[in-house]
Every structure is written in C-alpha cells, then in structure tokens.
Amino acid sequence: MKGSDATLLSFQLLDVSYEMRGSTPVIILWGRGADGSRVVVFYGEFRPYFYVLPDGSVGLDQLAAMIRRLSRPSSPILSVERVRRRFIGREVEALKVTTLVPASVREYREAVRRLGGVRDVLEADIPFALRFIIDFNLYPMRWYVAEVREVAVPHGYSVDRAYTLSGDIREDETRIQEDPLKGLRVMAFDIEVYSKMRTPDPKKDPVIMIGLQQAGGEIEILEAEDRSDKKVIAGFVERVKSIDPDVIVGYNQNRFDWPYLVERARVLGVKLAVGRRSVEPQPGLYGHYSVSGRLNVDLLDFAEELHEVKVKTLEEVADYLGVVKIGERVTLEWWQIGEYWDDPSKREILRKYLRDDVRSTMGLAEKFLPFGAELSQVSGLPLDQVMAASVGFRLEWRLIREAAKLGELVPNRVERSEGRYAGAIVLRPKPGVHEDIAVLDFASMYPNIMVKYNVGPDTLVRPGEEYGEEEVYTAPEVGHKFRKSPPGFFKKILERFLSWRRQIRSEMKKHPPDSPEYKLLDERQKAIKLLANASYGYMGWPHARWYCRECAEAVTAWGRSIIRTAIRKAGELGLEVIYGDTDSLFVKNDPEKVERLIRFVEEELGFDIKVDKVYRRVFFTEAKKRYVGLTVDGKIDVVGFEAVRGDWSELAKETQFKVAEIVLKTGSVDEAVDYVRNIIEKLRRGQVDMRKLVIWKTLTRPPSMYEARQPHVTAALLMERAGIKVEPGAKIGYVVTKGSGPLYTRAKPYFMASKEEVDVEYYVDKQVVPAALRILQYFGVTEKRLKGGGRQSTLLDFMRRGK
DNA sequence: TATAGGCATACGACTCAGTGCAT
DNA sequence: CTGCACTGAGTCGTATGCCT
C-alpha cells in the first residue's frame, strides 16, 4: 500500500512553518508548483531535538538515564542517543535528545542544564521550522523535486493543492539558473491613517485609505466613509485573498502598517486573515511580521543598506533609485494627512499621494527583490526574514547549515564583555592637491587572509596545546597560532564561497551585461560576496556563536603586515605613496612601477591587488579618511567630508561640494571664495529654502536616557510633548532658532519652527563657513575673508572685531 | 536580534587662572 | 586687602557618522 499513490512534485520552496496537530508538530513547506499552482507539503515525522555535551564527570549512559527521567507526558522525551560529533573542531561524544513538542525544548534545556555531568546544552535555540530545512538541506527560493502523496487541502488553508512528503526531496539541478521571482505574484500596499500633528492611535484614528497593486496591474484604492474604516480593512482582506500574492511588499510595514492594522482590526472586530492560513499577521524573528504562506517583505530593510541616502523616506529612496522622482509626484508630510482627508477639495491630492507611494513601493520591489531572493537562497533564510536580519545573523544561519553538514555542533550564543583589539592601519595623508594618482585595492583582503592562514576558532592553537613551528601559521605582532591542517571551518566555507563566486563570474561573461541572466548572476555573486566579507567582522563580534577574538586580532595583524610590506616595496620602486587605509594605497600613477608593485603583491605576498580607480587630481587635508578626488571621467568623489555626512545641513554640504568641485576642476580658489560669499549673502537675505537648513541626527536611545544635552534630543522632547512618538533609530530633523542660550536650547523640530525664527548667523558661523573652510583653509583662506562685507576684509571689519 | 576597529568633529561640562568690583 | 562672580582657554567625555 505504502507509496502506491506517490507522485513526484516539482516545486519552488517559498517559506516554512509548522503547526500543531494535537500534540504532534507538522512541518509546512509553502511552495509553488511547476504548473503555477500554490501548494503546501506537510511532513509530520520531524521531531525537535537538542544536544547534550557531557563534562565527563558522569558516565554517558548514566547521564542519558538521568535525562530520560526528566520526560513529561505533555511532551515525552522520545529518545536519547549517543552520537559522535565535532565541537569547535574537536571530536566529542554527545547525547542527542529528541522530544515531541517544539515549545518544550526550551524547558528541557533548562532542566538538563541543572543536571550534574552536563557541560552544555547545544542547538536548543534553533527554531523548529528552520531546523527542518537545515537538516533536509533545503534553501528557500530554490526548486525541489519531492516524492509526495496528495491529500485534501485542510480547512483554513487557501492553496491549490496539499501533499504529504512520503519520500526523498532533492534539489532540481536543472532550475539553478532560473529567475526565482519569475511567475511569483507580488503585491505592494500602503495605508494612510488619519492624523493631525500627532502620532495616530489605532484605538481611535481610522485607516482612511489603503492602496494596493498587483505587479503588472492597476493601483487600487480603498477608502473609508468619513471616519468609518471597518469596510476598508475588510475590503483589504478580501482583495489580498483574491489577488493571493506570494510576496507582499511595503515600506516600513513591519513597524507601522501591520501593527496598526492588526490593532485596528481588533478594535473594529474584523478578522485580519490575509495569510494562506486563517491567522492574522504575527510578529516573528528579527522584528519582522509573518504572514502565513506569504513572504512579507519590508523594503525599508533593503533601503537601510543604501548608505548614500541619509533620510530614508520612501520618497527619498525612490527618488535616489530613479523609481519615482520627487519632482514628479505628490509629496505630503504625515501630519498633513488628516487635513487633506477632511477637506474635500484636497482629498484627490491625498489619493494621488497614496498612488505615488504604492507606485514607488512596487518600483522599489523591482529593484530590491532580485538581490533579496539571491541572498535568501545563499544564506538559507526565507526571503521575508533575510533582509530583516542583521549582517551577522545572515552569515550565522549559513554557518549553522555548514556545521550541520560537517557534523559540527553549533556553539551557543553567550554573553561576553570583551575589550577591544587593534584593527587596520591608516596612513597619514600628504596634504595638498596631487595630480594623477592611482588607487590600489586588495581584493577581499580579510577573507583571503583567513583562507591563506587557515584562521578560525577550530584551528586556533589554544594554551596548553603544542605544535612545531612548521605545523602552524603564526600571526605577526600578536603571535596567535593556527594549525596549517586540516582546513578549518571558516577556510572550508570561504573557499567554497570564493570558488562559487569565481564560477558565477565566469558564467556572467557568457551573457551581455544588460541581459536578465547576467543580472541574476550578478545579484547572486553580490550575495555571496556579502557573506564572505562579513566573516572577519563576525568573528570579532562578541554575540557571535563562532566568536573568536584571537582570530579577528590575527586577521588584522596580518593585514597590517601585508600592507606595510607593500608600502615598503612601493618605496623601493620609487613609487610615492600619498595615502592608504586598511587595504588601499594611493600612489603616483606610474604605470610601469604600479605594474611591478602589483606583481610583487601577487607573487611574493600571494594576494590580489588591482588599480581600482585613477584620479586626475586628489586633495587631502591633514585629516585621515577624508579626501576629494576628480576622476578621469570628470566625476567628483567626496569621501569623509561634511558633504557626505547626514548630520550637516544640506546648505553646508552643497556649499562644500561646490567648493571642492571648483578647486579641483578650475584650481581657482578665488572663484570658490566668491561662491561661498554669495551663498552667505543669500542666506542672510532670507533667500535660502528652510528645508536646506534642516539638520538630521539619529536618536540612538529614548530622549530621557541621554547623558549629554544635544539639539536633536531637545527637538525629540518637543515632539514627544506634542504627542508625536519618537523611538530610538528615528532621524530627528531640527533647525536652530535665534536666542542666547546654549545650542541645545535653541533647537526645534523643523516642522514646528517658522522661517523668521531661524538663526541665520548660526548657519553662517557653524555650518557654511566651517564646511567651506575645511577645504579652503588649506589655501590660506580665512573665516574673515568668507564672511567679510567687501571684496577684501576692510579696516572697519578689523576694528569691529577688536583684536 | 549589535559584523569589526579607526577616525574626525562638535559641543557640553568642567577646571583653572585671571580680572573686576563690592565690601 | 579679601571674597566672589564672571570670563576665556584648555581639557575631557559624549555623541554621531563616516571609511575600509
């Protein structure tokens, strides 16, 4: 009988979860069939487990018996097996404890820890659904062929077909090159909530509009009748069900839209059953909201990695990426929504605004999702969690998978308070303008050091271990030693990443750069690079499971030694080094000598180095990590200076950029001075838009938790007093107003201040002039010359200022 | 539910010497 | 002459955000 009606199902794995049937957990694989059907595959045989590492004081069998005695009927301990594994590279014998109810693992962990003879309990904190895809080696977004039996779609599930897994499941190798997003239904949405100058409260403020769009379809808008929004929310639930999206995208919906809708629906007595199972969205891992059977992707998580955009509103991000230009859309501030709703003549503008937001959201999805899908199938985290997770966790989930494959037990996360260690070298720049400079860059220096010297927690020679000098690599300065063989955990993984990436990059060459194939492969190689580059920082992260301070310390020590050697060689070649930071060197662009240096680094040091860019001119002050360059194609690169910082006013940044551009392109300091003087004049005449005077700073903690008084904290307190919630992580925009007290007493949220209140002289003295002077000072320009009334400073100026 | 360290910069808080003024 | 408030220079700590 068994297997008689089994069939092969080809499906793409989208998400994984589990449900309890009685006291038995059943894994749910959410997927899409090759025929376009939406499917679930159930698997009821998988059981939660964890490992017990003995300390040797009690016999293993005796310990096993002690553990068995902890069994409780609500979730019996099903088995305790002796297993051979490795832990940080060393062979260990451990006990694998299997139980029934996933939620009981946590309690068993505590109970087992209290037993004598236990060194540690491991892998008890891996979520059950993830545990399943790790053990079965399944990666989200990839295609699989599974031996299944069709079953009736259970009540409450909205899928086309349901199956149970009855045999093998393996990756469909023929679809590896396929676009994982092709054929997936994507839906964008955005909500507008009634509010007037204060944070809306779901207990009373209605959701007045919801906009949504299926990819390729029309934007739809659901509207409340006056202040009654029950039908809007119910209508939204219906539309989601009928569109039946695989992916739901929004902007900041994990922190705003979903919590608000969930709470509002509760108040109104509407069931927010937008998932493929009749449950409402639930807070999940990494502050993300989980919509059952669908991938809920918050595009703000992607935007967080766009460091060029400082204030990450949907408008700004969409503008930056060219999705929807700010000049071609309706822009409203959140506090105007109520006003535009109440005024019938303005309501159409509000509709247009919402349409523009939905359009922007869908546009961002097109830009971001391809990378998200690749990162998902490289890291092994479902698409809706992978971008919500931090860099460290993305890598860690992939490490956990590799550990499972290698029979390595996963270390626990432990609290540590470790001191700092030495990092990279930054050279003191040679101040001034330099002509024709080549920037040499080491390719993935830290990952390559880890591979070359077999760096990792498992290869690190610990106190008491003895190896001959020939058997180990010894890090310079710090002296940490690493066994040359066998290849360690990190080396194996990084080598796989590096060769995988090499292979993808050679595959890319077969396709034209604007082809979909090329783009897909490019996103994939970027995802791999991201994880590889995170590995050094990960080892130095005290929260990391594979934390290894000595390893991180050794990597930077090798890095310092390598770049020092390269600098010495440059000197020997007569190649002038202008500047360098970590893994880069700025040298005179003497192609022959540069070529010899590159060959030396490759052949003698065994590292890849290449000319990353050439500057026609580059300018340094005395400061490290700051320079301005003019590239061969006429582009101005500003690095480190105020012009690229988010916590300076737009006016100061713009002025500094212009100054840099004039100086580098024309070499005329006088012209730059004139430019600045003109800006100051305009500012004093009130001809500068107030938006260019707003200063943005991140609130890193609740306002009351600050030790030092600061303008943006003052502004945040004023917002709170007005009923506007401010949370850590929020960017506070303020302007400085006139008055006599310290700066922090004169800051106001920009939307609470009038143009007349603004202290123009603050912006002259503390924004425009310092920003301009940062560059012009080097050429002998003084503050007086920038601020003075006439062409040159007059005697009158001199006397007025005294001194 | 924080990848790392190195660095520049602004501003508040504080110390301390010098100064002016009332007593 | 003493005592005290005030001022400016200098130093240190806090805070933010950049670079690689």
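Reading the values: rules and limits
- Residues numbered from 1 in each chain as written.
- Chains lettered and ligands numbered in written order.
- Predicted model: local features only at pLDDT ≥ 70, side-chain atom pairs only at ≥ 80, totals over all residues.
- Heavy atoms only, no water.
- UniProt positions renumbered as here; feature names shortened; annotations may be inferred.
- Patch = residues over 30% accessible without salt bridge, like charges linked within 9 Å, V, L, I, M, F, W, Y side chains within 5 Å.
- Areas by Shrake-Rupley, 256 points an atom, 1.4 Å probe, with all protein chains shown as cover.
- Salt bridge = Lys/Arg side-chain N within 4 Å of Asp/Glu carboxyl O.
- Lys, Arg positive; Asp, Glu negative; His and termini not counted.
- Charge placed at Lys NZ, Arg CZ, Asp CG, Glu CD.
- Helix = DSSP H or I, 4+ residues; strand = E, 2+ residues; numbered from the N terminus.
- Pairing = 2+ DSSP bridges.
- Axes fitted to C-alpha atoms, helices over the stretch in contact; angles between N-to-C directions.
- Near = heavy atom within 4 Å.
- Polar contact = N/O pair within 3.5 Å; in protein donor to acceptor, adjacent residues only side chain to side chain.
- Nonpolar A, V, L, I, M, F, W, Y, C, P; charged D, E, K, R; others polar.

By the naming in UniProt, chain A is DNA polymerase 2, taken from Aeropyrum pernix. Its UniProt record gives chain A a comment under Catalytic activity, which states: "DNA(n) + a 2'-deoxyribonucleoside 5'-triphosphate = DNA(n+1) + diphosphate". Database annotation for chain A, UniProt heading Sequence similarities: "Belongs to the DNA polymerase type-B family."

Caption draft 1: Molecular detail of a negative patch on the surface. Where like charges cluster on the molecular surface, the negative patch consists of Glu 595, Glu 602, Glu 603, Glu 604 and Asp 608. Looking at where Glu 595 falls in the secondary structure, it is placed in helix α16 (residues 591-605).

Caption draft 2: Main features of the sheet that holds strand β26 (residues 731-736). Ordered by their spatial adjacency, three strands build an open sheet running β25-β26-β27, and the pairing between neighbours is antiparallel. The open sheet is flanked by β25 (695-698) and β27 (747-749), the only strands paired with a single partner. Neighbour-to-neighbour, the strand axes of the sheet open up by a mean angle of 45 degrees, direction not taken into account. Both β26 and β27 contribute to a ladder of three bridges, which runs antiparallel. Bridging from a neighbouring strand, Tyr 734 pairs with Pro 749 of β27.

Caption draft 3: Expanded view of the protein's contact with DNA strand C. Taken together, 22 residues surround DNA strand C, and among them Asp 583, Arg 645, Gly 646, Thr 700 and Tyr 706 come closest. Within 4 Å of the protein, the contacting atoms of DNA strand C are drawn from sugar and phosphate to the extent of 91%. Interatomic distance of 2.8 Å between a side-chain N/O atom of Thr 698 and a phosphate oxygen of DNA strand C. Glu 707 has a polar backbone atom sitting 3.1 Å from a phosphate oxygen of DNA strand C. Among the residues forming the surface near DNA strand C, the class breakdown is five nonpolar, seven polar and ten charged.

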